[in-house]
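Examining the three-dimensional arrangement
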Amino acid sequence: MDDPTHFEQLIQFRAPASLSKAIDRAAGQRCQSKSDYIRQALLNRVRAEQDFPVANQQYCLVRNGELISTSFKPSEDPEGGEWLPIENEDNQPFDPALHWRLKPLPLRLDGDRVVRTYPVIAKCQEHA
């Protein structure tokens, strides 16, 4: 389930019951929550229509090899930690026509970088 503390703003909208059921079904097929499915669909649409990044770079505070917190606006850490940019990657090659991206795995420290990995699964192929 999505952790609401990771998102800055709640957006609500009205939808017919049939759309809500369709979103629920589509999200279930992708092993996502309805919120995550809607968020991804909106981000994909905005990215397709506009030629600019939707979100700013996210950073992770690393202190003594431990991931402490994340932020879009890093600040000086009084305990000597270092803010590293979070790098996003897929766990295998991704083709939007053939694959779905699932909810990311927990962040991991990989040497001097912080990585967020998205599992990629094949879309179900309809049999004719």
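Residues numbered from 1 in each chain as written. Predicted model: local features only at pLDDT ≥ 70, side-chain atom pairs only at ≥ 80, totals over all residues. Heavy atoms only, no water.

Note that His 99 resides in strand β4 (residues 99–101). Owing to a relative accessible area of 16%, His 99 belongs among the buried residues under this scheme. (Helix = DSSP H or I, 4+ residues; strand = E, 2+ residues; numbered from the N terminus. Buried < 20%, exposed > 50% of the residue type's maximum accessible area, 1.4 Å probe, protein only.)

Moving on, we come to the sheet that holds strand β2 (residues 66–71). Strand order in the open sheet formed by 5 strands is β2-β1-β3-β6-β5, and the pairing between neighbours is mixed. Every interior strand has two partners, whereas the edge strands, β2 and β5 (108–110), have only one. Between one strand and the next, the sheet's axes are offset by a mean angle of 40°, whatever the strand orientation. (Pairing = 2+ DSSP bridges. Axes fitted to C-alpha atoms, helices over the stretch in contact; angles between N-to-C directions.)

Before going further, it helps to examine the packing of aromatic side chains. Considering all chains together, one arrives at 0 aromatic pairs under this definition. Positioned above the aromatic ring of Phe 94 is the side chain of Arg 101, whose terminal nitrogen or guanidinium carbon lies 3.7 Å from the ring centre. We note Lys 123 situated over the ring of Trp 100; from NZ or CZ to the ring centre the distance is 4.2 Å. (Phe/Tyr/Trp six-rings, centres within 6.5 Å; stacked < 30°, edge-to-face > 60°. Lys NZ or Arg CZ within 6 Å of the ring centre and 35° of its normal.)

What follows covers the pairing of β2. Along any regular strand the residues' side chains alternate between the sheet's two faces. In this structure, strand β1 (residues 59–63) lies alongside β2, joined through 5 bridges in antiparallel fashion. Bridging from a neighbouring strand, Val 62 pairs with Leu 67 of β2. If you look at the hairpin formed by β1 and β2, you'll find 2 residues sitting between the two strands, and Asn 64 has a positive phi there, around 55°.

Counting residues in hydrophobic clusters, the biggest one holds 5 residues: Cys 60, Val 62, Leu 84, Ile 86 and Val 114. Sorting the residues of this core by element identifies β1 and β3 (82–90) as the ones contributing at least two each. Not counting residues up to four positions away in its chain, the partners in contact with Val 62 are Leu 67, Gly 81, Glu 82, Leu 84, Leu 109 and Val 114. (Core = buried A, V, L, I, M, F, W, Y, C linked by side-chain atoms within 4.5 Å. Contact = heavy atoms within 4.5 Å.)

So far we have only geometry, and geometry alone does not tell us how the molecule works.
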